[in-house]
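Listed below, chain by chain, are the residues.
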Amino acid sequence: MQIEMTALSGVFMFTPKRFGDTRGWFSETWAAGRMAEAGFDLTYVQDNQSYSAKKGTLRGLHYQSPPHSQDKLVRCSRGSVLDVAVDYRVGSPNFGNWVGVKLSAENGRQLLVPKGFLHGFLTLEDDTEVQYKCTDRYAPECDGNIRWNDPDLAIDWGLDGVVPHLSAKDEVAPFIAQVRSPFVWESEA
């Protein structure tokens, strides 16, 4: 597995090796023991899958607050997405900074979005499926979101004026300045 740091501390991109022959290919997307040896000792308790029928569907920016905050390992198993993580940890020198990575069925990349980060994605193709592993269960009372087009975040979704397909919840999400983050940055030193 190839492991790359992104521009945001704590957010990593994993690219599993693919082993192919005339039938297609095989890939190991997660192996707890190997990943623990590489410094990623995560216990996943829930797997999620989302399907988006239309290109331009935007889901996010979502988070789950303590005590049920989640690390997420995100991959696209059909189609492609721009996957975005935003540092949402109060006191972090990167608070409000974001990173976007193209995840696709073709490139096989996965993005590790740790606790304390907002997460969202934009579908780049019709009929896109995204799968992600979570280190805690979904807890509706801990569910939160921030507006996808918040000018203080200035995320470049590459929409070029096109209005994305949004859920009712995401359409009315608060701006980052309107909500106090439940996450606090802990120095990595």
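Before reading on, note that the structure itself is shown above.
A quick note: this is a predicted structure, and the numbers were derived from the prediction, not measured.

Caption draft 1: Structural view of the side chain of N145. You can see N145 is positioned in strand β14 (residues 143-145). A relative accessible area of 11% places N145 in the buried class. Within the structure, N145 has its side chain in polar contact with the backbone oxygen of K169 (distance 3.4 Å). Polar contacts involving the side chain of N145 include one to the side chain of D170, which spans 3.2 Å. Sequence-distant contacts of N145, that is, excluding residues within four places in its chain, are made with L61, H62, Y63, K169, D170, A173 and P174.

Caption draft 2: Inspection of the sheet that holds strand β7 (residues 72-78) at higher detail. Pairing is antiparallel across the open sheet formed by 6 strands, whose spatial order is β1-β2-β11-β7-β13-β5. Of all the strands in the sheet, the pair left with one neighbour each is β1 (2-5) and β5 (46-52). Averaged over all neighbouring strand pairs, the angle between strand axes comes to 25°, with direction disregarded. Taken together, the 6 bridges between β7 and strand β13 (residues 128-134) define a ladder with antiparallel strand orientation. Each residue of the ladder has a partner; that of K72, found in β13, is C134.

Caption draft 3: Region of interest: the sheet that holds strand β12 (residues 117-123). The antiparallel open sheet is built from 5 strands, whose spatial order is β10-β8-β12-β6-β14. Lying at the two open borders of the sheet, with one neighbouring strand each, are β10 (98-104) and β14. For this sheet, the mean angle separating the axes of adjacent strands, direction not counted, is 30°. Note that strand β6 (residues 58-64) and β12 share 3 bridges and pair antiparallel. Among the inter-strand pairings, L58 is bridged to a residue of β12, identified as L122.

Caption draft 4: Spatial organisation of the packing of aromatic side chains. For the coordinates displayed, the defined rule picks out 7 aromatic pairs. Judged by centre distance (5.9 Å) and plane angle (75°), the rings of Y63 and F183 are edge-to-face. In this pair, Y63 is assigned in strand β6 and F183 in strand β15 (residues 183-184), connecting sequence segments 120 residues apart. In this structure, Y63 and F183 share a single accessibility class: buried. With a centroid separation of 6.0 Å and 25° between ring planes, the pair formed by Y88 and F95 is classed as stacked. With relative accessibility at 36%, the residue F95 sits in the partly exposed group. Linked through ring pairs, Y63, Y88, F95 and F183 together constitute an aromatic cluster. The ring of F175 carries R147 above its face, with NZ or CZ at 4.4 Å from the centroid.

Cut-offs used in this document
Residues numbered from 1 in each chain as written. Predicted model: local features only at pLDDT ≥ 70, side-chain atom pairs only at ≥ 80, totals over all residues. Heavy atoms only, no water. Helix = DSSP H or I, 4+ residues; strand = E, 2+ residues; numbered from the N terminus. Buried < 20%, exposed > 50% of the residue type's maximum accessible area, 1.4 Å probe, protein only. Polar contact = N/O pair within 3.5 Å; in protein donor to acceptor, adjacent residues only side chain to side chain. Contact = heavy atoms within 4.5 Å. Pairing = 2+ DSSP bridges. Axes fitted to C-alpha atoms, helices over the stretch in contact; angles between N-to-C directions. Phe/Tyr/Trp six-rings, centres within 6.5 Å; stacked < 30°, edge-to-face > 60°. Lys NZ or Arg CZ within 6 Å of the ring centre and 35° of its normal.

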